[in-house]
Amino acid sequence: MKQRAALRTAPSLRDTLSYRGGVGQWAWLLHRLSGLGVLLFLVLHVLDIFLASFGPEVFNKLLFLYHSWIFRPFIVLLVFGVLYHALNGLRLVIVDFWPAANVYQKPMWVGATIVSLVVTLITIAAFFWEG
Amino acid sequence: MEVRVRIQRYNPEVDEKPHWEEYTVEVEPTDRVIDALHQIKWFQDGTLAVRRSCLHGICGSDAMLINGRNRLACKTLVRDLGKVITVAPLRGFRVIKDLVVDMEPFFRKYRSVMPYLVNDERPPARERLQSPEERARFDDTTKCILCAACTTACPSFWADSRYVGPAAIVQAHRFIFDSRDQAWRERLQILNENTGVWRCRNIFNCVEACPRDINVNKAIAEVRQALITGSRGIEEPE
């Protein structure tokens, strides 16, 4: 009987998402996503600062974008992304430099996420307060 | 109790790609997944290919993906899984048939870290003595049974199969931190390559998957520290 070609061995993104890893797997995924999101904003930010070289009028025209309601959800996401990436990054630094502390990686992740969420909620409240 | 067991089947001689087949078996809640698989193979469908040897969680041959997580089929009780059990082969390896995967790439990486004691000095008349503290330094990593549950649960390994993987690092750790060993620097160099310890992203799937409860992430972090400091924290003889 004919032997078929070897199956693809590399697991797909779907395989990765369907694996029931622990907290660490989701912490890592969110870390990656928040990193990409922050990078995306950074590119936009470089672009808007670059427009300042065309004079204040051009720059001010662009700034309306950041103040529009459509953009606000992205600002909120940005706040969460920066905070989560920074605080979870601290968790990773702790685990890297104090290997024995890794038994606390779950509570550390919970802490990082709660602080990120609380500050994000405060940002949302500030938006509404400002109007 | 009656459970439904869904198994990912693949026979390279007839199948284009893997498919799922379902079996209903009568088991005791305290039976293990391997008992359910035996029932299927022995009394329902003899074509099912499954690998196991000691059946007591020490030979490491029946690691598989059970209900979405890597576990040993001989160490996982049916009552902990519920009425539906899904079983698939380990991810990231070539499937030979059904639940049997080709572990050769895994063992090649294991051999690449020199998993044996290297000491060129003449052995003493009785044995190379070691204090209890020196022995305790690498106790955790002596427990590894090479089942590959950790390596095949690791997204870094899924993304790039050249990564040496947690299991090989655990095995290297066992000798790097052994006070009697003299090849620890060489092992560190092997793990310093771009296929080595720096690929770990602290995802902790290895720690969750290990059936021997080894703190795999700690072992990897300790190897990284030894690389950064250039020392394994053991007084070296001149």
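The rules we used
- Residues numbered from 1 in each chain as written.
- Chains lettered and ligands numbered in written order.
- Predicted model: local features only at pLDDT ≥ 70, side-chain atom pairs only at ≥ 80, totals over all residues.
- Heavy atoms only, no water.
- Pairing = 2+ DSSP bridges.
- Helix = DSSP H or I, 4+ residues; strand = E, 2+ residues; numbered from the N terminus.
- Domains from an automatic or database assignment.
- Contact = heavy atoms within 4.5 Å.
- Buried area = accessible area lost by both parts, 1.4 Å probe.
- Salt bridge = Lys/Arg side-chain N within 4 Å of Asp/Glu carboxyl O.
- Polar contact = N/O pair within 3.5 Å; in protein donor to acceptor, adjacent residues only side chain to side chain.
- Axes fitted to C-alpha atoms, helices over the stretch in contact; angles between N-to-C directions.
- Parallel < 35°, antiparallel > 145°, perpendicular 65-115°, else oblique.
- Nonpolar A, V, L, I, M, F, W, Y, C, P; charged D, E, K, R; others polar.
- Buried < 20%, exposed > 50% of the residue type's maximum accessible area, 1.4 Å probe, protein only.
- Left-handed = near helix turned anticlockwise from the far one by under 90°.
- Expected span 1.5 Å × (residues − 1).
- Core = buried A, V, L, I, M, F, W, Y, C linked by side-chain atoms within 4.5 Å.
- 1 Å grid on protein atoms, 1.4 Å probe; cavity = no way out; pocket = protein on both sides within 12 Å on 5 of 7 lines; lining within 4 Å.
- Points joined across faces, edges and corners; volume = space filled by probe spheres on them.

**Quick look at the pairing of strand β4 (residues 69–72) of chain B**
Residue and element names in this part refer to chain B.
And step 1. Pairing geometry for strand β3 (residues 63–66) and β4, over four bridges, is antiparallel. What sits directly across from A63, in β4, is L72.
And step 2. If you look at the hairpin formed by β3 and β4, you'll find two residues sitting between the two strands, and N67 has a positive phi there, around 45°.

**Here's the deal with the domain arrangement of chain B**
Residue and element names in this part refer to chain B.
And step 1. Per the domain assignment, the segments making up chain B are domain 1 (2–101) and domain 2 (104–229).
And step 2. If you look at the interface, domain 1 gives 13 residues, while domain 2 gives 14 residues.
And step 3. Of the roughly 1,100 Å² buried between domain 1 and domain 2, counting both surfaces, carbon and sulfur atoms make up 61%.
And step 4. Per-residue buried area on domain 1 facing domain 2 is highest for N70, R91 and F93; these three make up 44% of the total on that side.
And step 5. Run the count over domain 1 and domain 2 and you get zero salt bridges.
And step 6. Inspection of the domain 1/domain 2 interface yields four residue pairs in polar contact (both at pLDDT 80 or more).
And step 7. At three residues, the largest contribution of residues to the side of domain 1 that touches domain 2 is made by β4.

**Describing the packing of helix α6 (residues 184–192) of chain B against helix α8 (residues 216–229) of chain B**
All names here are of chain B.
And step 1. Following both chains from N to C, one finds α6 and α8 inclined at 105°, their axes separated by 10 Å at the closest point. It follows that α6 is roughly perpendicular to α8 by the angle criterion. Taking contact as the criterion, the partners of L188, L191 and N192 in α6 are, on α8, V223, A226 and L227.
And step 2. Looking at side-chain class alone, the contact of α6 with α8 contains five nonpolar, one polar and no charged residues.

**Describing the pattern of salt bridges**
Residue and element names in this part refer to chain B.
And step 1. According to the stated counting rule, one finds 20 salt bridges over all chains in the structure shown.
And step 2. Salt-bridge contacts for R174 lead to D178; the nearest nitrogen and oxygen are separated by 3.0 Å. Neither R174 nor D178 differs from the other in exposure class; each is buried.
And step 3. Among the charged side chains, a salt-bridge network with shared partners connects R9, E21, D45 and D98.

**Remarks on the interface of chain A and chain B**
And step 1. Contacts between the two partners involve 33 residues from chain A, matched on the other side by 34 residues from chain B.
And step 2. Seen at the junction of chain A and chain B, the total is three salt bridges.
And step 3. A salt bridge links K106 of chain A to E208 of chain B; the shortest N-O distance between them is 3.2 Å.
And step 4. Elements supplying a minimum of two residues to the side of chain A that touches chain B: α1 (13–18), α2 (23–51), α4 (72–97) and α5 (105–130) of chain A.
And step 5. Of the residues that constitute the side of chain A that touches chain B, the class distribution is 15 nonpolar, 10 polar and eight charged.

**Regarding the packing of α2 of chain A against α4 of chain A**
All names here are of chain A.
And step 1. At a minimum axis distance of 8 Å, the contact between α2 and α4 shows a crossing angle of 130°. In this view, α2 runs oblique relative to α4, as classed from their interaxial angle. Relative to α4, α2 is oriented so that their crossing is left-handed. Of α4, the residues touching α2 (which contributes G24, W26, A27, L30, H31, S34, G35, V38 and F41) are L78, F80, G81, V82, Y84, H85, N88, G89, R91 and L92.
And step 2. Its residues assigned to classes, the contact of α2 with α4 comprises 10 nonpolar, eight polar and one charged.

**Looking at helix α1 (residues 33–44) of chain B**
All names here are of chain B.
And step 1. Between its first and last C-alpha atoms α1 spans 16 Å; for 12 residues at 1.5 Å apiece the expected length is 16 Å, and the two agree.
And step 2. Listed in full, the buried residues belonging to α1 are V33, I34, D35, A36, L37, H38 and I40.
And step 3. Those residues of α1 that are buried are in contact with β1 (2–9), β2 (19–26), β3 and β5 (84–88).

**Considering the nonpolar core**
Proteins that are soluble and globular tend to have nonpolar side chains buried together.
Residues and elements named next belong to chain B.
And step 1. The biggest cluster of nonpolar side chains holds 71 residues, and the ones touching the most others in it are L37 and L191.
And step 2. Formed jointly, this core draws a minimum of three residues from each of two domains, domain 1 (2–101) and domain 2 (104–229).
And step 3. Setting aside its immediate chain neighbours within four residues, L191 contacts V113, V164, I169, A172, I176, G196, V197, W198, V223 and L227.

**As for the layout of surface pockets**
One water molecule sets the probe size; rolling that probe over the atoms shows where empty space is left.
And step 1. One number sums up the size of the largest pocket: a volume of about 790 Å³.
And step 2. Contributing to the lining of the largest pocket are 24 residues, with D15 of chain A together with Q8, W20, A88 and R91 of chain B lying nearest its centre.
And step 3. Of all the secondary structure elements, the ones that give two or more residues to the lining of the largest pocket are α1 of chain A together with β5 of chain B.
And step 4. Classifying every residue of the lining of the largest pocket by side-chain character gives 12 nonpolar, seven polar and five charged.
And step 5. Counting residues per element, the ones that place at least two in the lining of the second largest pocket are α2 and α4 of chain A.
And step 6. Ranked by the residues each element gives to the lining of the second largest pocket, the list is headed by α2 of chain A, at eight residues.
And step 7. Taken together, the residues that form the lining of the second largest pocket break down as 13 nonpolar, three polar and no charged.

**Observations regarding the side chain of D98 of chain B**
Residue and element names in this part refer to chain B.
And step 1. Following the sequence through the fold, D98 ends up in the loop between β6 (95–97) and β7 (100–101).
And step 2. What makes D98 buried here is its relative accessible area of 1%.
And step 3. At 3.0 Å, the side chain of D98 and the side chain of R9 are in polar contact.
And step 4. When sequence neighbours within four positions are dropped, the list of residues in contact with D98 reads Q8, R9, Y10, N11, T47, L48, A49 and P89.

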